[in-house]
Amino acid sequence: IYKELFKYASEVERVELDKTYQVRVILNKSNNEVVKTKFSTGEGLVFAISFLTALRRYSGYNGPIFLDSPFSVLDRDHRVKVSLNLPIAIPGQLIIFTRPDTFKDIKNKLMPHVNKLVTLIKEKEWHSKVKIN
């Protein structure tokens, strides 16, 4: 699952947990094994989504998954990979909260998988209305 979502998937040899349960991603760069233990916020999010998806897939738990603004910390390459693969990797109900401006570059790729789009429209300081598309 991590390889489906990570933009450098071709370099990923394996993912491990060490004795202290820290994540280690083993990369193969030019036939040299490189251990990656530090992740950017976006890389950490991609790993967390992968791990959550794997737990859901192998546990048989079919409840909804909620993601709050996952695209805002991802670079463009990761946004595209996640938007293309997440709906396939997580069958069932996936609820994503995001700002419209972080959604523009992936909207066309993600929309075929969207059953319902709900938009909150701010009218006044303490009042919003709901628009369901």
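Above this text you will find the structure in question.
Reading the values: rules and limits
Residues numbered from 1 in each chain as written. Predicted model: local features only at pLDDT ≥ 70, side-chain atom pairs only at ≥ 80, totals over all residues. Heavy atoms only, no water. 1 Å grid on protein atoms, 1.4 Å probe; cavity = no way out; pocket = protein on both sides within 12 Å on 5 of 7 lines; lining within 4 Å. Points joined across faces, edges and corners; volume = space filled by probe spheres on them. Helix = DSSP H or I, 4+ residues; strand = E, 2+ residues; numbered from the N terminus. Nonpolar A, V, L, I, M, F, W, Y, C, P; charged D, E, K, R; others polar. Core = buried A, V, L, I, M, F, W, Y, C linked by side-chain atoms within 4.5 Å. Buried < 20%, exposed > 50% of the residue type's maximum accessible area, 1.4 Å probe, protein only. Contact = heavy atoms within 4.5 Å. Salt bridge = Lys/Arg side-chain N within 4 Å of Asp/Glu carboxyl O. Pairing = 2+ DSSP bridges. Right-handed = clockwise from strand over helix to strand, strands pointing away. Phe/Tyr/Trp six-rings, centres within 6.5 Å; stacked < 30°, edge-to-face > 60°.

**Observations concerning the layout of surface pockets**
Left-over empty space is what a probe sized like a water molecule reveals as it rolls over the atoms. Of the voids in this model, the largest pocket is the one considered here, and its volume is about 1000 Å³. Along its surface, the largest pocket is lined by 28 residues, and Ile96, Val114, Lys116, Leu117 and Val118 are the ones closest to its centre. Per-element accounting of the lining of the largest pocket gives the leading share, 4 residues, to strand S5 (residues 94-97). Tallied by class, the residues present in the lining of the largest pocket amount to 17 nonpolar, 7 polar and 4 charged.

**Points about the nonpolar core**
Ranked by internal contacts, the top residues of the largest apolar core, which has 20 residues, are Tyr2, Val12, Val25, Val46, Phe71, Val82 and Leu86. Secondary-structure elements contributing two or more residues to this core are helix H1 (2-5), strand S2 (23-29), helix H2 (41-59), strand S4 (65-68) and helix H3 (76-89). Not counting chain neighbours up to four residues away, the residues in contact with valine 46 comprise Tyr2, Leu5, Phe6, Leu74, His78 and Val82.

**Quick word on the pattern of salt bridges**
Tallied over the full model, the rule gives 6 salt bridges. Among the salt bridges present, the one from glutamate 11 reaches lysine 29, with a minimum N-O distance of 4.0 Å. Of this pair, glutamate 11 sits in the loop between H1 and strand S1 (12-17) while lysine 29 sits in strand S2, and the two are 18 residues apart along the sequence. Residue lysine 29 is classed as partly exposed on the basis of its relative accessible area, which comes to 40%. A salt bridge links glutamate 16 to arginine 14; its shortest N-O distance comes to 2.7 Å. Looking at arginine 14, the relative accessible area reads 34%, which means it is partly exposed. Connected through shared salt-bridge partners, Arg14, Glu16, Arg24 and Glu33 make up one network.

**Notes on the pairing of S5**
Note that S4 and S5 share 4 bridges and pair parallel. Its bridge partner lying in S5, leucine 67 is registered against isoleucine 96. Once the chain exits S4 it traverses H3 before rejoining the sheet at S5, and the crossover so formed is right-handed.

**A few points about the packing of aromatic side chains**
Summed over the entire model, instances satisfying the criterion amount to 4 aromatic pairs. Taken together, a centroid distance of 5.6 Å and an interplanar angle of 70 degrees make the contact between tyrosine 2 and phenylalanine 47 edge-to-face. Of this pair, tyrosine 2 sits in helix H1 while phenylalanine 47 sits in helix H2, placing them 45 residues apart in sequence. Taken individually, tyrosine 2 and phenylalanine 47 each receive the classification buried, so the pair is uniform in this respect. Judged by centre distance (6.3 Å) and plane angle (15 degrees), the ring pair of phenylalanine 66 and phenylalanine 97 falls under stacked. Residue phenylalanine 66 is located in strand S4, and its partner phenylalanine 97 is located in strand S5; the two are separated by 31 residues in the primary sequence. Linked through ring pairs, Tyr2, Phe6, Phe47 and Phe51 together constitute an aromatic cluster.

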